[in-house]
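What follows is each chain in one-letter form.
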Amino acid sequence: MPIAPAAGRGALLTDRQQQVFRQVARGLTNKEIAFALGITERGVAAQVSRLLAKFIVPNRAALIARVMSNALERDARLPDPAADPLQLTPEMARACAAYQHSAFMVALTLGPDNLIAFVNDACKRRMGIGVESPDSATFEARRDNPASGVFVDGSKDAFRTGLPQSVEFAATRWLRDDGTWGSGALSCVLQPVGQPRAVSGVLWICSTLAN
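In this text the structure is predicted, and so the values were computed from the model without any measurement.

A.B. asks: Explanation requested: the packing of helix H2 (residues 30-37) against helix H3 (residues 41-55) in the structure shown.
C.D. replies: Axes are the key here: two packed helices are described by the angle between their axes and the distance separating the axes. For the pair H2 and H3, the least separation of the axes is 8 Å and the interaxial angle reads 110 degrees. Classified by the angle between their axes, H2 and H3 sit roughly perpendicular to one another. Facing Asn30, Lys31, Ile33 and Ala34 of H2, the residues of H3 in contact are Glu41, Val44, Ala45 and Val48. Within the contact of H2 with H3, the residues separate by chemical class into five nonpolar, one polar and two charged.

A.B. asks: Help me out: how do you make sense of the packing of helix H1 (residues 15-25) against H2 in this one?
C.D. replies: Packing of H1 against H2 leaves a shortest axis separation of 10 Å and a crossing angle of 130 degrees. Relative to H2, the element H1 lies oblique. By crossing handedness, the relation of H1 to H2 is classed as right-handed. Here Arg16, Gln19, Val20, Gln23 and Val24 of H1 lie close against H2, whose contacting residues are Ile33, Ala36 and Leu37. A class-by-class count of the residues in the contact of H1 with H2 yields five nonpolar, two polar and one charged.

A.B. asks: Looking at this model, I keep getting lost on the nonpolar core. Mind explaining?
C.D. replies: When a protein is soluble and globular, its nonpolar side chains tend to lie buried together. Ranked by internal contacts, the top residues of the largest apolar core, which has 37 residues, are Leu63 and Leu108. The element best represented in this core is helix H4 (residues 60-75), accounting for nine residues. Listed in part, the 21 residues of the second largest apolar core include Ala107, Val119, Val167 and Leu186.

A.B. asks: Even after reading the chapter, I still don't get the side chain of arginine 176, so can you show me in this structure?
C.D. replies: By the secondary structure assignment, arginine 176 is in the loop between strand S3 (165-175) and strand S4 (181-193). The side chain of arginine 176 is buried and forms no salt bridge, while aspartate 178, the nearest opposite charge, is found at 5.2 Å.

A.B. asks: I tried to follow the pairing of S3 on my own but got confused; where do I start?
C.D. replies: Two faces, one strand: in a regular strand the side chains alternate between the faces of the sheet. For S3 and S4, the ladder comprises nine bridges, and the chain directions are antiparallel. Paired with leucine 175 across the two strands is tryptophan 181, which belongs to S4. Linking S3 back to S4 in an antiparallel pair, the connection comprises five residues, with glycine 179 at a positive phi of about 90 degrees.

A.B. asks: So what exactly am I meant to see when it comes to the pattern of salt bridges here?
C.D. replies: In total, this model carries five salt bridges according to the counting rule given. Across the pair aspartate 177 and arginine 142 runs a salt bridge whose closest N-O atoms are separated by 2.5 Å. Separated by 35 residues along the polypeptide, aspartate 177 in the loop between S3 and S4 and arginine 142 in helix H7 (residues 137-143) bring together distant segments of the chain. Across the pair arginine 160 and aspartate 157 runs a salt bridge, and its minimum N-O distance is 3.2 Å. On the criterion of helical spacing, the pair formed by arginine 160 and aspartate 157 is a turn pair, its members being three residues apart in helix H8 (residues 149-161). Overall, the relative accessible area of 60% leaves arginine 160 in the exposed class. Among the charged side chains, a network of salt bridges with common partners joins Glu132, Arg142, Arg143 and Asp177.

Definitions and cut-offs
- As a convention, each chain's residues are numbered from 1 in the sequence order in which they are written.
- Predicted model: local features are reported for residues with pLDDT of at least 70 only, side-chain atom pairs are reported and counted for 80 or more only, and whole-chain, interface and lining totals are derived from all residues.
- Working from all heavy atoms in the structure, the side-chain values ignore hydrogens and water.
- Interaxial angle, 0 to 180 degrees, is taken between N-to-C directions of lines fitted to C-alpha atoms, where a helix line uses only the stretch in contact.
- The way it works is that DSSP assigns letters per residue, a run of H or I at least four long becomes a helix, a run of E at least two long becomes a strand, and they are numbered from the N terminus.
- By the definition adopted for this analysis, an angle is roughly parallel if under 35 degrees, roughly antiparallel if over 145, roughly perpendicular if from 65 to 115, and oblique otherwise.
- Contacts were defined at the residue level, with two residues in contact if any of their heavy atoms lie within 4.5 Å.
- For this classification, the nonpolar set comprises Ala, Val, Leu, Ile, Met, Phe, Trp, Tyr, Cys and Pro, the charged set comprises Asp, Glu, Lys and Arg, and every other residue, Gly included, is treated as polar.
- Two helices that cross are described as forming a left-handed crossing if the nearer one is turned anticlockwise from the farther one by less than a right angle, and a right-handed crossing if clockwise.
- Each nonpolar core is a collection of buried residues, namely Ala, Val, Leu, Ile, Met, Phe, Trp, Tyr and Cys, held together in the definition by side-chain atoms within 4.5 Å.
- Burial classes: relative accessible area under 20% of the type maximum marks a residue as buried, over 50% as exposed, and values in between as partly exposed (1.4 Å probe, protein chains only).
- In this tally, Lys and Arg are treated as positive and Asp and Glu as negative; His is ignored, and so are the chain termini.
- Salt bridge, as applied in this entry: a Lys or Arg side-chain nitrogen positioned within 4 Å of an Asp or Glu carboxyl oxygen.
- Strand pairing follows a simple DSSP-based rule, namely that at least 2 bridges must link the two strands.

Geometric values such as these leave the question of function open.
This is the structure we're talking about:
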């Protein structure tokens, strides 16, 4: 699917910009992207700078979040009124699956209580967290965890306001699916999915220094 900025932010990306973005989404460095595409590092840096400017974002994590949210919003414009608002539609699942193997940790939460509806391989591996249900044993324990307050507050602000939020390497602890606790410093971009008056969820694009 062609990649496009949100309405009013310019035309579709060029073929080269799309190639570079897909390597960025994998978590590759400029040097690795240059090798993969057979171009210079300076050329990659210039393309990345153009992408950041086109999507009006400050960094690569925010770029991935913006592109993902644009794709998810296109898929959710005509929702099935009978659909469960806390379940991914097949279209949303396909959009998320494109980032399944990214080196960035990618997750999508739905609803104001941040129900985890999608996590990619990096998130599962580093955090030990998978998709959850509101009836799971860990659901309430995670939301009662004071160590995750800055992230919970940030995601609630994103959901409430429709504006992206960011948290820069804040120390935290989280409850893994197996009942053990992880700890480390997380840096996350929290990108709302949906228009400001109809936000359905929040994209989490994160990196971690975990113990």
